[in-house]
Amino acid sequence: MEKRNIEEKNREEVRGIADNRGIGVVEIILILVILIGLVLLFQTQIKDIVNNALSSISSGANKIISPGA
C-alpha cells in the first residue's frame with residue numbers, strides 16, 4: 001500500500017513539473033505586453049531621443065568627411 005502511495009506522489013510531482021513549463025510562456029507574454037505599453041506611452045520621447053542621436057551622428061560624420069567645411 002505504501003509503495004503505491006509513493007508511486008502516485010511521484011507521478012503527481014512529475015505532472016506538476018511538466019505543468020510549470022507553461023508559466024515561462026505566460027511570463028514572457030506579460031513582459032512583452034508591458035514593454036509594448038511602455039513604448040506606446042513614451043513614444044514621443046523615444047522618437048526625440050532617437051532623432052537627436054541620429055542627427056548628432058550625422059553631423060559628426062559630416063565633420064569627418066569634410067573637415068574644412
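Please read all numbers here as calculations on a predicted model, not as lab measurements. Along every chain, residues carry numbers that run from 1 in the direction the sequence is written. Local features in this predicted model are restricted to residues of pLDDT 70 or higher, and side-chain atom pairs are both shown and tallied only at a pLDDT of 80 or more, whereas totals for entire chains, interfaces and linings draw on every residue. Only heavy atoms go into the side-chain values, all of them from the structure, while hydrogens and water stay out.

K.L.:
What am I meant to see in the overall build of the protein chain here?
P.N.:
Helix and strand content of the protein chain: 3 helices and 0 strands. Secondary structure elements of the protein chain occur, N-terminal to C-terminal, as α-α-α. Burial analysis of the protein chain (69 residues in total) assigns 0% to the buried set. As displayed, the protein chain offers around 6500 Å² of accessible surface, 65% of which is attributable to carbon and sulfur atoms. Each helix is a run of H or I in the DSSP string that is no shorter than four residues. Each strand is a run of E no shorter than two, and both are numbered from the N terminus. A simple rule labels every residue: compare its accessible area, found with a 1.4 Å probe on the protein chains alone, to the largest value its type can have, and call it buried under 20%, exposed over 50%, or partly exposed in between. Only the protein chains shown count as cover for residues, and all accessible areas are computed by the Shrake-Rupley method using a 1.4 Å probe.

K.L.:
What exactly am I supposed to notice about the confidence of the model for the protein chain here?
P.N.:
For any part of a model where pLDDT is low, the fine detail of the predicted coordinates should not be relied upon. Residues at a pLDDT of 70 or more form 71% of the protein chain, whose mean pLDDT is 82. For the protein chain, the element scoring lowest by mean pLDDT is helix H1 (residues 2-19), at 65; helix H3 (residues 43-65) scores highest, at 92. On a scale of 0 to 100, pLDDT captures the predictor's confidence in every residue.

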